[in-house]
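# Observations on the model geometry
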Amino acid sequence: MSLRRIAHQPSPHAPLHDVAATRAWEARAQDRLPPHALMQRAGEAVYRLGAAIAPHARRVWVVCGGGNNGGDGLLAAVRWQQRLQPIGGEVAVTWLGSEDRLPPDARHALGVARGSGLRWTDEPPPQTDLAIDALFGIGLRRPPHGEALRWIAHLQERSGPVLCVDLPSGLDADRGEWLAPTPLQANPQRHTLALLTLKPGLFTGQGREAAGHLWFDDLDTSLPDAEAPPPAAWLHGQTVLAEAPRRWQHGAHKGRHGNLLIVGGQLPDARQPGMTGAAVLAARAGLHAGAGRVYVGLLPGPDATGAAWPAFDPLQPELMLRSATQLRDLAREPDSVSVCGCGGGQALAAVLPDLLTHSPRLVLDADALNAIAREPRWQQALARRAEAGLHTVLTPHPLEAARLLGTDTMQVQRDRLRAAQTLADTWRCVVVLKGSGSITAAPGLPPRINASGNGLLATAGTGDVLAGLIGARLCLAPTRSPIDPAALQALVADAVYAHGRVADTWPANRLTLCAGDMPACLGQGGSSDHQQADLQQNDEHQH
Ligand SMILES: NC(=O)C1=CN([C@@H]2O[C@H](COP(=O)(O)OP(=O)(O)OC[C@H]3O[C@@H](n4cnc5c(N)ncnc54)[C@H](O)[C@@H]3O)[C@@H](O)[C@H]2O)[C@@H](O)CC1
Ligand SMILES: Nc1ncnc2c1ncn2[C@@H]1O[C@H](COP(=O)(O)OP(=O)(O)O)[C@@H](O)[C@H]1O
């Protein structure tokens, strides 16, 4: 069997199969194998990984549900029993099934388990070295309650090693929604062994937190491409678009690498505080990510008389600070990319219509998205962009996505893949729905779920950095011919991946990440260990 650790980064691209595709996969695999062989393999795989996680375990507790997930758990329990009985250890099994509704493989597993001397219990043993969660896998279809919920809560509260079979019980396999009414608890010793296929829900929404360390075993069921059910989504685990290092481009000049225009950053005035920092963050990110020339098109506050216009960015004097209206003509040039919205405030109304109509490549973030959600005329202008051959990327966080969809954040988070795809199909543009397991969707293509990133990114300004980075990547794409939708999706997903890598490779001795420190870590393909080492060194000098 081929056990594989799915590190969230860096990992290869992987197809993700939803419940329907997994069931089709399982049916094809079952056709080729003797009865019960697949579950036998699953039980063995669970046992082996458990033994690797907790090699010295002597007290193992296995919680099994009434479906095939529980069957896998029962067969794993039998293998543990064979290991522990001779050395005085113990395996306790809690089984929640009902005999008259057992699927055939699980029925067979129950028969094997009953004949093997396991201890059956309705209470969790007081002390265990390893718990195996085999309550629900892909069969979970509604929020658990009653006895099952009690065990899920118990498994969540445990602090020792827990191994979840196929999926953590309580997680929706397709959507990554935690269905149990009891909260998810952090446990650094939680592992999940995905069987047969990787499911999308393991990688987005609450999936990554619920799953912990993720492992995968296809149980030797690989199918020829022509027979494999199509994936519902892809895990975007590494950079796909290799770029030639700049140093080999001897004929290069700054004009080759596009103009990046960051339009936003409303200035403070007598009535309102400013949001200039957001635009500056995006611009710095764009500069470090390789855009040729970076302009910041600032917007006046509502009471323009009091505005204080900064002359330049003292930390990044390469940035060219202008008023947004001064950049109007430049924004229309074929090699210009505009990123609009970072800290834009109400003043965006003055520049957004022109950008929507004329910018050849446009990234819309934050306030630009909120403005479009409010104004039907701008929605129409956005819809016309695709027809006109203009490229657009939307980068909403869940609340911004909810405003665009006319719903609420909870609905978006319940089905992030669907929310992102609906936006992409509606506006015919690439959409990045941000958050844990950011989704990059494009019209008519399977979405890509980002494999990188972590909770360090949950701090103000990291989204502005992402918008600037995407803008820079668009600047570097050839301008002569239109970018085809799949290539645009990959380009944007690469940028999202690089952004998350900065957080994943953040020095371990730095407990927090500041958005302002991110731009310097953005090279081609993400932060390099070299840059991270510099950061670490700077820290050491300062202390
Ligand atoms: N058939 C086989 O040989 C194999 C099966 N596999 C395992 O089988 C799993 C799928 O098995 P099943 O389709 O039986 O599904 P599950 O075992 O995940 O769960 C289905 C059972 O749970 C019940 N149920 C669903 N939601 C509930 C709720 N909220 N409260 C209470 N009961 C609820 C269902 O009525 C059904 O009895 C996979 O996740 C995987 O672990 C794989 O290991 C591959 C091998
Ligand atoms: N828990 C998390 N795990 C992974 N990525 C996260 C998490 N929280 C936030 N992020 C990422 O951080 C960025 C935050 O963007 P956004 O919400 O727009 O913030 P801001 O507007 O303050 O810049 C996004 O790229 C998002 O995907």
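The numbers attached to residues start from 1 for each chain and follow its sequence in the written order. Chain letters and ligand numbers both follow the written order, the letters beginning at A and the numbers at 1. Two thresholds apply to this predicted model, a pLDDT of at least 70 for residue-level local features and 80 or more for giving and counting side-chain atom pairs, whereas whole-chain, interface and lining totals are computed over all residues.

Any residue surrounded by 20 or more other C-beta atoms within 10 Å of its C-beta is treated as buried, while 12 or fewer makes it exposed and the intermediate range makes it partly exposed; C-beta atoms here are placed from the backbone. Helical segments are the DSSP runs of H or I of at least four residues, strand segments are the runs of E of at least two, and each set is numbered from the N terminus. Counting buried positions along strand β3 (residues 59–64) gives 5 out of 6 residues, so the element sits mostly inside the fold. Two elements, β3 and strand β4 (residues 90–95), share 6 bridges in a ladder whose sense is parallel. Its bridge partner lying in β4, V63 is registered against T94. Only strands joined by at least two bridges in the DSSP assignment are considered to pair. Here β3 runs beside strand β6 (residues 130–134); their pairing, made up of 5 bridges, is parallel. Paired with V60 across the strands is L130, a residue of β6.

A word on helix α4 (residues 104–114). Turning to α4, its buried residues number three or more, namely D105, A106, A109, L110 and A113. The buried side chains of α4 occupy one side of the element, clustering within an arc of 140 degrees when seen end-on. Residues of α4 that are exposed and angled more than 90 degrees away from the buried face: P104 and G111. Turning to α4, the residues buried within the fold contact α2 (37–53), α3 (68–84) and β4. To be clear, the arc concerns the directions from the helix axis to the C-beta atoms. Each residue gets a C-beta atom placed from its backbone, and two residues are in contact if those atoms lie within 7 Å.

The domain boundaries assigned to the protein delineate domain 1 (3–235) and domain 2 (256–536). The split of the chain into domains comes from an automatic or database domain assignment. Computed from C-alpha coordinates alone, the two centres of domain 1 and domain 2 are separated by 39 Å. Across the contact, 19 residues belong to domain 1 and 16 residues belong to domain 2. Secondary-structure elements contributing two or more residues to the side of domain 1 that touches domain 2 are α6 (207–211) and β10 (233–236). Amino acids outside the nonpolar list (Ala, Val, Leu, Ile, Met, Phe, Trp, Tyr, Cys, Pro) and the charged list (Asp, Glu, Lys, Arg) are all regarded as polar, and Gly is one of them. In terms of residue class, the side of domain 1 that touches domain 2 is made up of 8 nonpolar, 7 polar and 4 charged.

So, on to the site of ligand 1. As used in this record, a residue near a molecule or strand is one whose C-beta atom, placed from the backbone, is within 6 Å of it. The full set close to ligand 1 counts 27 residues, and G67, N68, N69, G137 and G139 are the nearest of them. Where the shell around ligand 1 is concerned, the elements lending two or more residues are α2 and α3. When residues in the shell around ligand 1 are grouped by element, the largest group, 4 residues, is from α3. Class assignment of the residues belonging to the shell around ligand 1 gives a composition of 12 nonpolar, 8 polar and 7 charged.

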